[in-house]
There are 2 protein chains.
Amino acid sequence: MHHIDVRIEKDVYAANDRLAAANAAHLKEHGVRGFDLLGAIGSGKTALIERLVPLLAARGLAAGAIAGDVYGDDDFRRLVALGIPAVNANTGTECHLDAHLVEHAIDDLPLDRIDLLFIENVGNMVCPTDFALGAEKRIVVVSSTEGDDVVNKHPMMFRGSSIGVINKIDLAPLVGCNLDRMEADMRRYNPEIRVFRTNMKTGEGVAALLDAVLE
Amino acid sequence: MHHIDVRIEKDVYAANDRLAAANAAHLKEHGVRGFDLLGAIGSGKTALIERLVPLLAARGLAAGAIAGDVYGDDDFRRLVALGIPAVNANTGTECHLDAHLVEHAIDDLPLDRIDLLFIENVGNMVCPTDFALGAEKRIVVVSSTEGDDVVNKHPMMFRGSSIGVINKIDLAPLVGCNLDRMEADMRRYNPEIRVFRTNMKTGEGVAALLDAVLE
């Protein structure tokens, strides 16, 4: 039983990796740069897209987005309100997007009219880590209200990401969150990670973050 | 491939359900009432245990706890500091506890010295729903800072829980969270659910919640 289980798990990951590579090639062919947005529910992933889109427009760059959620269209409607091409990807019961879902979502996007694609994963700090989607960078967003032990509890999420965002810095004193611990934990798990502190309500920190995204 | 996959999935759930029933019987034999605590990272599950333990002690009831996390002992250390028997259950890479992990954790607890057992799951709004652990009630904790769409995004979590806790109500105005929407969504997905609004920082709402837990 256990052996069969492990073999299937390996097959699933290998199949996903092949599809992710195909997605990456497909995006590249159309000159679109893809970015995964990861993080817990309410960390600020959609809010980050809302902040980045106007900054990108000011640089002459057009974005599209995929909204990944188990259920509902709350995030999708916020993306549509931004006036960008967006696709709602509901996973039903799954705790993460996979490359196959993203392949279908990409098919519904006008790739020749966008320069960047934000792929917002299901709000979850565990499941998405094993599933490549075809993006060039992973950006993980955590917030002070999740507690300053959130990074330590989820090493894999940070090992696989090139940018770490610490959001809701204005609320840190109210929830007794030590932002320095969060940042130190990120660097301990991934010495290469670029860390930014943001407040999506005001836009603080987002311009510097955008430079790192586009680098 | 798909057929094998589904068969194994069913076997995994059936095996887990059998172990969960055995856990429930084991706890009952020792006169211990078990409660699952579910919710996202940072929602306030550990804080709820911290608030409940002294209230229980005042009623002559002793609690024990299992701290479920992917990695680390942040929550476990908080439980130990409460002076209650506690076990740290790290899942490694899994996004949820299962009945087998809980069975081993229970073996490490002095069941004859406790009246209640809190089983704090991994911070995750998706994965834990399918895995019974052997508790008599599921309590799901969400917080205002997760956004007022958090309930709508996770129907299954609320359908399977008998108590819904909305925490960090003091921060709702600061993050633009509509608490009434959260409560209405809970009742829409589960008309039987008991809903409580709390502030774990002050203890507001916790005494009423405890009455419902013990009912």
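Before reading further, recall that the structure is shown in the block above.
Anyway, here's the lowdown on the structure attached to this text. Per chain, residue numbering runs from 1 following the sequence as it is written. Written order decides the labels, with chains lettered from A and ligands numbered from 1. Local features in a predicted model are, by the rule used here, given only for residues with pLDDT of at least 70; side-chain atom pairs are given and counted only at 80 or more, and totals for whole chains, interfaces and linings are based on all residues.

## Comments concerning the overall build of chain A
Heads up, the condition is: Here a helix means four or more residues in a row that DSSP labels H or I, a strand means two or more in a row labelled E, and each is numbered from the N terminus. Put simply, the radius of gyration uses C-alpha atoms, and a globule should come to 2.2 Å times the residue count raised to 0.38. Exposure classification rests on a simple neighbour count of other C-beta atoms within 10 Å of a residue's own: a residue reaching 20 or more is buried, one at 12 or fewer is exposed, and one in between is partly exposed. C-beta atoms are placed from the backbone. Here, residue contact means that the backbone-derived C-beta atoms of the two residues sit within 7 Å.
Assigned secondary structure in chain A consists of eight helices and seven strands. Taken over C-alpha atoms, the radius of gyration comes to 17 Å for chain A, in line with the 17 Å a tight globule of 215 residues would show. Judged by the C-alpha coordinates and their principal axes, chain A covers about 50 × 45 × 35 Å. In chain A, buried positions account for 51% of the 215 residues. Contacts spanning at least 24 positions in sequence make up 73% of the contacts within chain A whose residues lie at least 6 apart.

## So, the relation of the copies chain B and chain A
Short version of the rule: Each copy is superposed on the other by least squares, with the fit set by C-alpha atoms of residues at a pLDDT of at least 70 in both.
For the match of chain B to chain A, the screw axis carries a shift of 0.0 Å, the RMSD comes to 0.0 Å, and the turn is 180°. Both copies are brought into coincidence by an operation consistent with a two-fold rotation axis. Comparing interface residues between copies, 100% of those in chain B also sit at the interface in chain A, which points to an isologous, same-surface contact.

## Some points on the sheet that holds strand β7 (residues 194–197) of chain A
Residues and elements named next belong to chain A. Our working rule: When DSSP finds at least two bridges between two strands, those strands are taken to pair. To obtain each axis, a line is fitted to C-alpha atoms, and for helices this fit is confined to the stretch in contact; angles are then taken between N-to-C directions over 0 to 180 degrees.
With respect to topology, seven strands assemble into an open sheet ordered β3-β2-β4-β1-β5-β6-β7, the strand pairing being parallel. Because the sheet does not close on itself, it has two edges, and the strands there are β3 (86–90) and β7. On average, each strand axis in the sheet is inclined to that of its neighbour by 20°, with strand direction left out of account. Judged from the four bridges that link them, strand β6 (residues 163–167) and β7 form a sheet pairing that is parallel. Note on β7: the bridge partner recorded for G164 is V195.

## Re helix α3 (residues 74–81) of chain B
One turn of the α-helix equals 3.6 residues, which is why residues spaced by three or four share an orientation. Residue and element names in this part refer to chain B. Operational definition: As used here, the arc is the angular range of directions from the helix axis to the C-beta atoms.
For α3, the complete set of buried residues consists of D75, F76 and L79. The arc that holds every buried residue of α3, seen down its axis, measures 100°, which confines them to one face. Packing partners of the buried residues in α3 comprise α2 (45–58), β2 (63–69), β3 (86–90) and β4 (116–120). Backbone geometry just downstream of α3 places G83 in the positive-phi region, at approximately 80°.

## Here's the deal with the pairing of β2 of chain B
All names here are of chain B. β2 sits mainly inside the fold: seven of its seven residues count as buried. Judged by which residues are buried, β2 turns out to be covered on both faces: A63, A65, A67 and D69 on one side and G64, I66 and G68 on the other are all buried. Of the pairings in the sheet, the one linking β2 to β4 comprises five bridges and is parallel in character. Counted as the bridge partner of I66 is I119 from β4. Examined bridge by bridge, β2 and β3 share five bridges and lie parallel to one another. When the bridges of β3 are listed, G68 appears paired with A89.

## A short note on the sheet that holds β2 of chain B
All names here are of chain B. Sheet architecture is open: seven strands sit in the order β3-β2-β4-β1-β5-β6-β7, paired in parallel fashion. The sheet terminates laterally at β3 and β7 (194–197), the two strands that pair on one side only. Adjacent strand axes in the sheet meet at a mean angle of 20°, parallel and antiparallel pairs treated alike.

## Topic: the interface of chain B and chain A
Convention followed: For this scheme, ten residues count as nonpolar: Ala, Val, Leu, Ile, Met, Phe, Trp, Tyr, Cys and Pro. Four count as charged, namely Asp, Glu, Lys and Arg, and the remainder, Gly too, count as polar.
Residue-level contacts link 31 residues of chain B with 31 residues of chain A. At the level of secondary structure, the elements contributing two or more residues to the side of chain B that touches chain A comprise α1 (2–29) and α5 (155–159) of chain B. Each residue belonging to the side of chain B that touches chain A can be placed in one class, and the counts come to 16 nonpolar, nine polar and six charged.

## Regarding the environment of I84 of chain B
All names here are of chain B. Note that I84 resides in the loop between α3 and β3. In sequence terms I84 and A63 are 21 residues apart; their C-alpha atoms lie 6.5 Å from each other. Beyond its immediate chain neighbours, meaning those up to four positions away, I84 contacts V53, A63, G64, A65 and L79.

## Some remarks on the nonpolar core
For the record, the criterion: By our criterion, buried Ala, Val, Leu, Ile, Met, Phe, Trp, Tyr and Cys residues that link up through C-beta atoms within 7 Å make up a nonpolar core.
Counting 132 residues, the largest nonpolar core has A65 and I119 of chain A together with A65 and I119 of chain B as its most contacted members. The contacts of I119 of chain B, once residues within four sequence positions are left out, are G34, F35, D36, L37, I66, L97, V102, L133 and A135 of chain B.

## Considerations on the packing of α2 of chain B against helix α8 (residues 206–214) of chain B
All names here are of chain B. For clarity, the threshold we go by: The cut-offs work like this: below 35 degrees is roughly parallel, past 145 is roughly antiparallel, 65 to 115 is roughly perpendicular, and the gaps in between are oblique.
Contact pair α2 / α8: the axes reach a minimum separation of 10 Å and the direction vectors enclose 75°. The angle between α2 and α8 falls in the class roughly perpendicular. Contact residues: α2 offers R51, L52 and L55, while α8 offers V206, A207 and L210. Residue composition of the contact of α2 with α8, by class: five nonpolar, no polar and one charged.

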